[in-house]
Structure formats: C-alpha cells, structure tokens
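Secondary and tertiary structure notes
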Amino acid sequence: MVFCCELKKVVDDTYDIEIGHSLEEKLVDDLKHGLTGKKRFAVITDSIVEGLYGRDIYEKIVAAGFSAELFVIPEGEKSKTRQMKEFLEDSMLEKGFRRDCAVIAVGGGVVTDLAGFVAGTFGRGVPFVNYATTLLAAADASVGGKTAVDTPLATNLIGMFNQPAKVYLDIDTWKTLPKVQISSGLAETIKHGCLGDKELFEYLEKNVDKVFEGDVEACEYIAQHNCEVKYKVVMQDERESGLREVLNLGHTVGRAIETVSDYKLFHGEAVSIGLVAQARLGEKYGFISTEDRKRVEDLLDKAGLPVRIPDYIDREVLVRKLYTDKKVRDGKLRFVFEKGIGEVVQFGENNFAKEIAEDEIRDIIKDM
Ligand code: GLY
C-alpha cells in the first residue's frame, strides 16, 4: 500500500535589509510592531560586541517590556562550532526558552552564522534577526540566509539555509572596528566588485582610503552596492543550485587557507589570497587580462589585505584542503572565474564553475 503525503509548499521568506546609522531603536520599534511575532528574545552576541552594542540592545529590548536573555560567546572564528551551538541551545533551554521565542544576533559573521543556525533548529525552528556590527557581516554573512558552523576539517560544512526576519546593517558600528576588520570586510566588497559591479570596483580604486577614515558617504555607498550584488544573486538562486556559486569567487583557495592557517588569517584575508589565486588562474585561461588581474591585486593590497601566501602555510597541505570545498563535484575541483572586472564566466546552462586539474592550481599556489 502507498500513501501519498502531499506537502506542496508556497514559501515567502521575503525580508527587509535596513541600512542606516544607530538602528538599535529601530530594531526595538520593529519588535514592538511584531517583526518576529514573538515577545521573548534570546540576544546572542560575542565577548567584544557585548560591551559595544550587544548589552545595550538587550537592555533596550527589556526596557521595551519584552522578556529577554543575553547569551555571550567568546569572540572569533573558533567559536563557530557544533559545541558552541550546543552550549547556546542548552543555555537557552535552561533559561526556559521554548518555541515561543526569537533569536536576535548582534555581531559579525561568526555570531550571525551561528545564531541563525541555532534559530533554525531550536524547537525545530524559531525566527531570527541579524543586527550586523561588522563590515564583513554587512557585506556578506548577515545577508542571504546561509548559516553554519565550522568543523575541524573545514569551514561552513554543517549548516542550513535559513532566512532572517530582517537584517540591520548599522554603519555606525564600523567606527569601533580595528583596521584589520575593515580590511577583512573590504575583501568581500572587492569580491562583489569583481563578480558583478564594475562601478563598485572602480569606486574602491579611487576611494578605499575613505572607508578606513569612516567617511559616511563612502561607507553608505559600499553598504548599498554590496547588498545589491548579493541579494540579486540570492533572489535568483537561494539554495546555490547554480548562480549562487558566483558568490564563491576566491573562496576555493580562500576557505582552504583559512582552515590551514588555523584561523590566524581572518576570513577576508583568506578570501583576498583566494581572489589573487583565482585571478592568476583566470589570467592563464584568458578570462582576465594581465592588466585587470594586476588591478585586482593592487586594490586588495591598497585595502591592507595579503596578496601572497604566508610562508608558514604548507603548500601541499593547502592543495589537499581544496577538496573540502562544497563546489567539488565527482571529486574534481571547481573554480568560479571573473570575466574581466565586473562579470563572471558562465560555462554552460546554470553552470558558473569550471573543473580545474590539481596541478594547475598547485602551480599558482607554489608561485604565490
Ligand atoms: N557567502 C557566499 C554566499 O552567501 O553565497
């Protein structure tokens, strides 16, 4: 006997991304107007952001009459683990959280990736909101619904697509970022320029210093352009069945080197090295001219990012680590390539990644 359990779904995961300055009150106001449909909140932040913005947001939520608890994880990529997810879940359960709650993630990419994943499985799923406090989170991590944890083998291998109820990109929070974190966020920004926004790339060539100076117009410009590149891709291919792979530009070598460095390299620094490796490989294939490849390297350098592989990285270990990439198919490495600056190369219907022989990328890595 066969029963058909018909479960056709119409899903509307539409959400707003609000870009602005000091958006804490706006968040609380939105919660009052039923943004998540919940009145109990788990505010998740890290040990640095807690004192800067996390506790303040938590206190504002409590002052507005809601029930809330603050959960703080140690700062840094090494917190993005299954163990930390378990710690947060157990802490929430101990504080009496059940399905009648929502998660408010306040922080950078580690916090938003982890908190979004916690929200996705807590009580089989509760709503969450991202309040991004870094350029990296604003450029990439907090938008698009990719949530995950790292494992000892590699980054982001365990996770889920889970869209937030809303994303707040608070540009004022970038003022408290160390220079290295601005650089890290600029790597994802330059990536967006390379893959889909020539105007953004050229703007950065002229104005990257202004981002470090906290120039409001420059910061707003890059926040808007990052968002536009990213959501246009995600709206077409949320689950990365094809087009979304373009957002992986530079990440094949980038993610691998981030793990091999044992997270001594920040995510953006690793992506920068990955973008250089990809551009050099692309130059070999004729996808990008030597002149444009140099422009990419120069801009990354100008943004304070590494464009060479540090000496302490074992090149062979790095080549082996490339196989942990999620784009690998049938055991073959696949790379996304920019076409000149501002476009990507398409390799067939819905295919944006090219199979690469191991020796070809090994040669590039050895030269870097
Ligand atoms: N960070 C790449 C993506 O969101 O698809």
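Everything quoted here is computed from the prediction, not taken from an experiment.

The rules behind each value
- Residues numbered from 1 in each chain as written.
- Predicted model: local features only at pLDDT ≥ 70, side-chain atom pairs only at ≥ 80, totals over all residues.
- Heavy atoms only, no water.
- Phe/Tyr/Trp six-rings, centres within 6.5 Å; stacked < 30°, edge-to-face > 60°.
- Helix = DSSP H or I, 4+ residues; strand = E, 2+ residues; numbered from the N terminus.
- Buried < 20%, exposed > 50% of the residue type's maximum accessible area, 1.4 Å probe, protein only.
- Pairing = 2+ DSSP bridges.
- Right-handed = clockwise from strand over helix to strand, strands pointing away.
- Near = heavy atom within 4 Å.
- Polar contact = N/O pair within 3.5 Å; in protein donor to acceptor, adjacent residues only side chain to side chain.
- Areas by Shrake-Rupley, 256 points an atom, 1.4 Å probe, with all protein chains shown as cover.
- Axes fitted to C-alpha atoms, helices over the stretch in contact; angles between N-to-C directions.
- Parallel < 35°, antiparallel > 145°, perpendicular 65-115°, else oblique.
- Left-handed = near helix turned anticlockwise from the far one by under 90°.
- Contact = heavy atoms within 4.5 Å.
- Expected span 1.5 Å × (residues − 1).
- Bend = angle between axes of the 7 residues up to and from the residue.
- Disulfide = S-S within 2.5 Å.

1. A short note on the packing of aromatic side chains
As enumerated under the stated definition, the model contains 10 aromatic pairs in all. When the centroid spacing of 5.7 Å and the interplanar angle of 80° are considered together, the rings of Tyr285 and Phe337 count as edge-to-face. Of this pair, Tyr285 sits in helix α10 (residues 267–285) while Phe337 sits in the loop between β9 (333–335) and β10 (354–356), placing them 52 residues apart in sequence. Under the relative-accessibility criterion, Tyr285 is labelled partly exposed at 26%. Looking at Phe337, the relative accessible area reads 0%, which means it is buried. An aromatic cluster of three or more residues is present, and its members are Tyr285, Phe287, Phe335, Phe337 and Phe347.

2. Description of the pairing of strand β5 (residues 128–132)
Within a regular strand, the side chains alternate between the two sheet faces. Within β5, 5 of the 5 residues are buried, which leaves it mostly tucked inside the rest of the structure. What you see with β5 is no split at all: Phe128, Asn130 and Ala132 on one side and Val129 and Tyr131 on the other are buried throughout. Summarising the sheet, strand β4 (residues 102–107) and β5 pair through 5 bridges and their orientation is parallel. Its bridge partner being in β5, Gly107 is matched across the sheet by Ala132. Crossover β4 to β5 through helix α4 (residues 109–121) is right-handed. In this structure, β5 lies alongside strand β8 (residues 166–170), joined through 4 bridges in parallel fashion. Bridge assignment links Ala132 to a residue of β8, and that residue is Leu169.

3. Digging into the site of the ligand
Around the ligand sit Asp140, Lys146, Lys230, Glu240, Arg244 and Leu247, and those are all the residues in its vicinity. In this structure, an oxygen atom belonging to the ligand sits 2.8 Å away from a side-chain N or O atom of Lys146. Taking Lys230, its side chain carries an N or O atom lying 2.7 Å from an oxygen atom of the ligand. Summarising the interface, the protein chains cover 94% of the accessible area of the ligand, which totals 200 Å² for the free molecule.

4. Observations regarding unusual backbone geometry
In this structure, Asn156 takes a positive phi of about 60° despite not being glycine. At Asp330, a residue that is not glycine, the phi angle is positive and equals roughly 50°. Considering the arrangement of structural elements, one finds Asp330 in the loop between α12 (315–321) and β9. Assessed through its relative accessible area of 78%, Asp330 is described here as exposed.

5. Looking at the packing of helix α3 (residues 82–94) against α4
Angle between the axes and distance between the axes: these two values describe a pair of packed helices. One can describe the packing of α3 onto α4 by two numbers: an axis separation of 10 Å at closest approach and a directional angle of 55°. Put simply, α3 runs oblique to α4. Of the two possible hands of crossing, α3 and α4 adopt the one that is right-handed. Packed against α3, whose contacting residues are Met84, Lys85, Leu88, Glu89 and Met92, the element α4 presents Leu114, Phe117, Val118 and Thr121 at the interface.

6. Looking at helix α2 (residues 49–63)
The terminal C-alpha atoms of α2, which comprises 15 residues, lie 20 Å apart, in line with the 21 Å expected from a rise of 1.5 Å per residue. Bending of α2 peaks at approximately 30° at the position of Arg55. For α2, the full list of buried residues reads Val49, Glu50, Tyr53, Gly54, Ile57, Tyr58 and Ile61. Remark: Gly65 follows α2 within two positions and exhibits a positive phi of approximately 100°.

7. A look at the state of the cysteines
Under the criterion given, the structure shown has 0 disulfides. As a non-bridged cysteine, Cys4 has Cys5 as the owner of its nearest cysteine sulfur, 7.2 Å distant. Cys194 forms no disulfide, and the closest cysteine sulfur to it belongs to Cys227, at a distance of 18 Å.

8. What about the sheet that holds β5?
The 6 strands lie next to each other as β1-β8-β5-β4-β2-β3, forming an open sheet whose pairing is parallel. Of all strands in the sheet, those with a lone pairing partner are β1 (16–20) and β3 (67–73), marking the two edges. The mean inter-strand angle of the sheet, taken between neighbouring strand axes irrespective of direction, is 15°. One ladder, built from 5 bridges, connects β1 with β8; its direction is parallel.

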